[in-house]
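Chains, contacts and geometry: an overview
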There are 2 protein chains.
Amino acid sequence: MREHLIIIKVGGQIVEEESSLRTLLKDFSRIAGGKILVHGGGKSATALAEKLGIETKIVDGRRITDADTLKVTTMVYAGLVNKNIVAGLQALGNNAIGLSGADLDIIRAVKRPVGAIDYGYVGDINWVNAQALSELIDTGAVPVIAPITHDGKGSLLNTNADTIASELARTLCGKYELRLIFCFEKQGVLMNEADEKSIIPEIDPVLFEELKAEGVISGGMIPKLESGFNALRRGVKEVVVTNAQGISGGLRGTRLVL
Amino acid sequence: MREHLIIIKVGGQIVEEESSLRTLLKDFSRIAGGKILVHGGGKSATALAEKLGIETKIVDGRRITDADTLKVTTMVYAGLVNKNIVAGLQALGNNAIGLSGADLDIIRAVKRPVGAIDYGYVGDINWVNAQALSELIDTGAVPVIAPITHDGKGSLLNTNADTIASELARTLCGKYELRLIFCFEKQGVLMNEADEKSIIPEIDPVLFEELKAEGVISGGMIPKLESGFNALRRGVKEVVVTNAQGISGGLRGTRLVL
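Throughout, a residue's number is its position along its own chain's written sequence, starting from 1. Each chain is given a letter, starting from A, and each ligand a number, starting from 1, according to the order in which they appear as written. Totals for whole chains, interfaces and linings use every residue, but because this is a predicted model, local features are given only for residues with pLDDT of at least 70 and side-chain atom pairs only at 80 or more, for both listing and counting.

**Concerning the overall build of chain A**
Starting at the N terminus, helices and strands are each numbered in turn, a helix being any DSSP run of H or I of at least four residues and a strand any DSSP run of E of at least two. Looking only at helices and strands, one finds 7 helices and 14 strands in chain A. C-alpha atoms define the radius of gyration, and 2.2 Å times the number of residues to the power 0.38 defines the globule rule. Expected size for 258 residues packed as a compact globule is a radius of gyration near 18 Å; at 17 Å, chain A falls within 12% of this value. Taking the principal axes of the C-alpha coordinates as reference, chain A spans close to 45 × 40 × 35 Å. In chain A, buried positions account for 52% of the 258 residues. Pairs at least 24 residues apart make up 73% of the contacts formed inside chain A by residues separated by at least 6 positions. Whether a residue is buried, exposed or partly exposed follows from its count of other C-beta atoms within 10 Å of its own C-beta, namely 20 or more, 12 or fewer, or something in between, respectively; the C-beta atoms are built from the backbone. Each residue gets a C-beta atom placed from its backbone, and two residues are in contact if those atoms lie within 7 Å.

**Remarks on the relation of the copies chain A and chain B**
Relating the two copies of this chain is a rotation about some axis coupled with a shift parallel to it. Superposition of the copies was done by least squares, using only C-alpha atoms of residues whose pLDDT is at least 70 in both. Relative to chain B, chain A is turned by 180° and slid 0.0 Å along the rotation axis, the superposed coordinates differing by an RMSD of 0.0 Å. Given the turn and translation reported, the copies of this chain are related as if by a two-fold rotation axis. When the interface residues of chain A are mapped onto chain B, 100% of them again lie at the interface, so the same face is used by both copies.

**A word on the sheet that holds strand β5 (residues 96–99) of chain B**
Sheets are built from strands that pair by backbone hydrogen bonding, the pairs being arranged parallel or antiparallel. Residue and element names in this part refer to chain B. Whether two strands pair comes down to DSSP finding at least two bridges between them. A sheet is described by the order of its strands in space; here 8 strands give the open sequence β5-β8-β2-β1-β11-β13-β14-β12, paired in mixed fashion. Across the chains shown, the open sheet's two edge strands, defined by having one partner strand only, are β5 and β12 (202–203). Sheet topology note: the β5/strand β8 (residues 142–145) ladder contains 4 bridges and is parallel. Of the residues in β8, the one forming a bridge with Leu99 is Ile145. On the sheet, helix α3 (residues 67–91) packs against β2 (34–39), β5 and β8 and is oriented at approximately 170° with respect to β5. Helix axes use the C-alpha atoms of the stretch in contact, all axes being lines fitted to C-alpha atoms, and the angles between their N-to-C directions lie in the range 0 to 180 degrees.

**Points about the sheet that holds strand β5 (residues 96–99) of chain A**
Residue and element names in this part refer to chain A. In spatial order, the strands read β5-β8-β2-β1-β11-β13-β14-β12; together these 8 strands make up an open sheet with mixed pairing. Looking at the sheet topology across the chains shown, the edges are occupied by β5 and β12 (202–203). Sheet strands touched by helix α5 (residues 161–172): β1 (4–10), β2 (34–39), β8 (142–145) and β11 (177–184). Its angle to β1, the strand with the most contacts, is close to 170°.

**Here we look at the nonpolar core**
Core membership is restricted to buried Ala, Val, Leu, Ile, Met, Phe, Trp, Tyr and Cys residues, and these are joined into a nonpolar core through C-beta atoms within 7 Å. Formed by 161 residues in total, the largest nonpolar core has its most connected members in A:Ile7, A:Leu37, A:Val144, A:Ala169, B:Ile7, B:Val144 and B:Ala169. A:Leu37 has contacts with A:Ile8, A:Val10, A:Phe28, A:Ile85, A:Val142, A:Val144 and A:Ile145, leaving out every residue within four places of it along the chain.

**Quick word on the environment of A:Ile181**
All names here are of chain A. By the secondary structure assignment, Ile181 is in strand β11. Among the residues examined, Ile181 registers 23 C-beta atoms within 10 Å and is labelled buried. As for Ile181 and Val239, which are separated by 58 residues in sequence, their C-alpha atoms are 5.8 Å apart. When near neighbours in sequence (up to four residues on either side) are disregarded, Ile181 contacts Ile6, Ile8, Val240, Thr242 and Ile247.

**With respect to the confidence of the model for chain A**
Predictor confidence is given residue by residue as pLDDT, running from a minimum of 0 to a maximum of 100. Here chain A averages 93 in pLDDT, while 98% of its residues score no lower than 70. Among the scores for the predicted complex, ipTM is 0.95 and pTM is 0.96.

**A few points about the interface of chain A and chain B**
Of the residues lining the interface, 32 residues belong to chain A; the matching set on chain B comes to 32 residues. Those elements that provide at least two residues to the side of chain A that touches chain B are α3 (67–91), β5 and β9 (148–150) of chain A. When residues are sorted by character, Ala, Val, Leu, Ile, Met, Phe, Trp, Tyr, Cys and Pro go into the nonpolar class, Asp, Glu, Lys and Arg into the charged class, and all the rest, Gly among them, into the polar class. Its residues assigned to classes, the side of chain A that touches chain B shows 14 nonpolar, 12 polar and 6 charged.

**Thoughts on the pairing of strand β13 (residues 238–243) of chain B**
All names here are of chain B. Counting buried positions along β13 yields 5 of 6 residues, so the element is predominantly enclosed. Examined bridge by bridge, strand β11 (residues 177–184) and β13 share 6 bridges and lie parallel to one another. The residue of β13 that forms the bridge with Ile181 is Val240. For β13 and strand β14 (residues 254–256), the ladder comprises 3 bridges, and the chain directions are antiparallel. Across the sheet, the residue bridging to Val239 is Leu256, located in β14.

**Quick word on the packing of helix α1 (residues 18–29) of chain B against α3(B)**
Each pair of packed helices can be summarised by the angle the axes make with each other and by the distance between the axes. All names here are of chain B. Put simply, α1 and α3 touch, their axes get as near as 10 Å, and they point 50° apart. Between α1 and α3, the angle is such that the two are oblique. In the crossing of α1 with α3, the sense of the turn from one axis to the other is right-handed. Contact with α1, carried on its side by Leu21, Leu25 and Ser29, involves Ile85, Gly88 and Leu89 of α3 and no other residues of that element. Small angles under 35 degrees read as roughly parallel and large ones over 145 as roughly antiparallel, with 65 to 115 read as roughly perpendicular and the rest as oblique. Left-handed describes a crossing in which the near helix is turned anticlockwise from the far one by less than a right angle; the clockwise case is right-handed.

**Side note on unusual backbone geometry**
Residues other than glycine seldom take positive phi values, yet A:Leu104 does so here, at roughly 55°. On the secondary structure map, A:Leu104 appears in the loop between β5 and β6 (107–111).

**Quick notes on the environment of A:Ser198**
The topology assignment puts A:Ser198 in the loop between β11 and β12. Sequence separation between A:Ser198 and A:Ile164 is 34 residues; the distance between their C-alpha atoms is 28 Å.

**Re helix α2 (residues 42–51) of chain B**
Residues lying three or four places apart along an α-helix face the same way, a consequence of the helix completing one turn every 3.6 residues. Residue and element names in this part refer to chain B. Among the residues of α2, Gly42, Ser44, Ala45 and Leu48 are the ones counted as buried. All buried residues of α2 lie within an arc of 160° about the axis, which places them on one face of the element. Exposed and facing more than 90 degrees away from the buried side of α2 are Glu50 and Lys51. Check the buried side of α2 and you find it contacts β4 (62–63) and α3. Within this analysis, the arc is defined by the directions that extend from the helix axis to the C-beta atoms.

**Some details on the pairing of β11(B)**
The side chains of a regular strand alternate, residue by residue, between the two faces of the sheet. All names here are of chain B. Here β11 lies mainly inside the structure; 6 of its 8 residues are buried. The sheet contact formed by strand β1 (residues 4–10) and β11 spans 7 bridges and is parallel. Across the sheet, Val10 pairs through a bridge with Cys183, a residue of β11.

**Digging into the environment of B:Val144**
Residues and elements named next belong to chain B. Secondary-structure assignment places Val144 in strand β8. For the pair formed by Val144 and Lys9, sequence separation is 135 residues and the distance between their alpha carbons is 9.8 Å. The residues contacting Val144, other than those within four sequence positions of it, are Leu37, His39, Asn82, Ile85, Val86, Leu89, Ala96, Ile97, Gly98 and Leu99.

Laid out in structure tokens, this is it:
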């Protein structure tokens, strides 16, 4: 039987506010077996950029990344947010190791070609180093991954954390029985954004298209779910969208199914 | 025969200016065998703090680190500087991995007690995880270490990079035949600061005391050399103070001897 691996992506305010981060790390630290935490940090990056007088432009949930913005995201994601999570997990007995895609060459990406929009230093993943990651996991280490990749030619690139989590899942599900959890502020994908209890328990690709057409699913949730369906098609066992409390319990929230 | 390990500490403008960093990384990448790079980043941290309106206070070469300064140093050292070095080394074929002391719990420190001066979130090292580091090195990975440690209770701490390099050397020289190189702007310790050629080829503890008394050695060079002598006393094979060019050649510069 293959070993289990759980990949949890946390973003939004969860990782950026002291109290919610502590709760998340406690829940995460109690998960037994192989696990990877992928985090965002967008709100802190936007706040730092603002203090530095750097304008933030976000198109379809993706940050336009000029040279100064790349510096800001590298500092916030791979520095501040990543190392605080790692120190917090170490205090809870998890042997965390913070990684960007450049470290041990774990995630290589190519700078997105300029089309209708020039995203700047944004990277689309073209290779995940499954061997390096599984060697770390098999020693009991807990990778904590910041959404910064590299191109193998010396340049860092900003890469969406949802995409990183999905690509890691797709690549590692050849070796592990893999669950992928997208963790955010809400308890799941909501039918009605104003009603926290209107969680849609299950979404398949047909319902996904309907909900997109109706405008129930929009913005950054669209690429998140698309990457989740792609992960399922590649052999990931389970994909769930839930809130921070969902990771310690029985995976409440919204389950993606094919 | 024990394997060789070289620990190179680079600081000052070398790691913070694009052109000198490229040269350094080229030279460093050509060193065969086990190696660790420990870096600073103080000038960038000071520049970022200034932009954010955070006052920088440095006493005897040590940065007073309040909560905001800790955030700045974590972002700059463990984020910006560390990941740029790692990406640069990966492009040169070195399998670099960037680490703070929290990652894999490699360097634990205690917050410096408040004495005549309150240094704030500054950590004095009390434990180096030799096993985790040597396991990485033995797989061919190249640790790139930022001067941020942790206390094992969830807090990050700012720790002088010279001290980190010396403590790593002291701890790892039990396993490896170890050379420690402090790399800075000058070709070595100078007899006369205005004369770049007045390099003192060798300093022993007696000469060190004389040069301190005469004011030839002052400021941050004093703790650097003290930690170098301590490393020699603990069994480190060779300690040299030199410039970036020194690492590729035959270790010109100033050699410490007991």
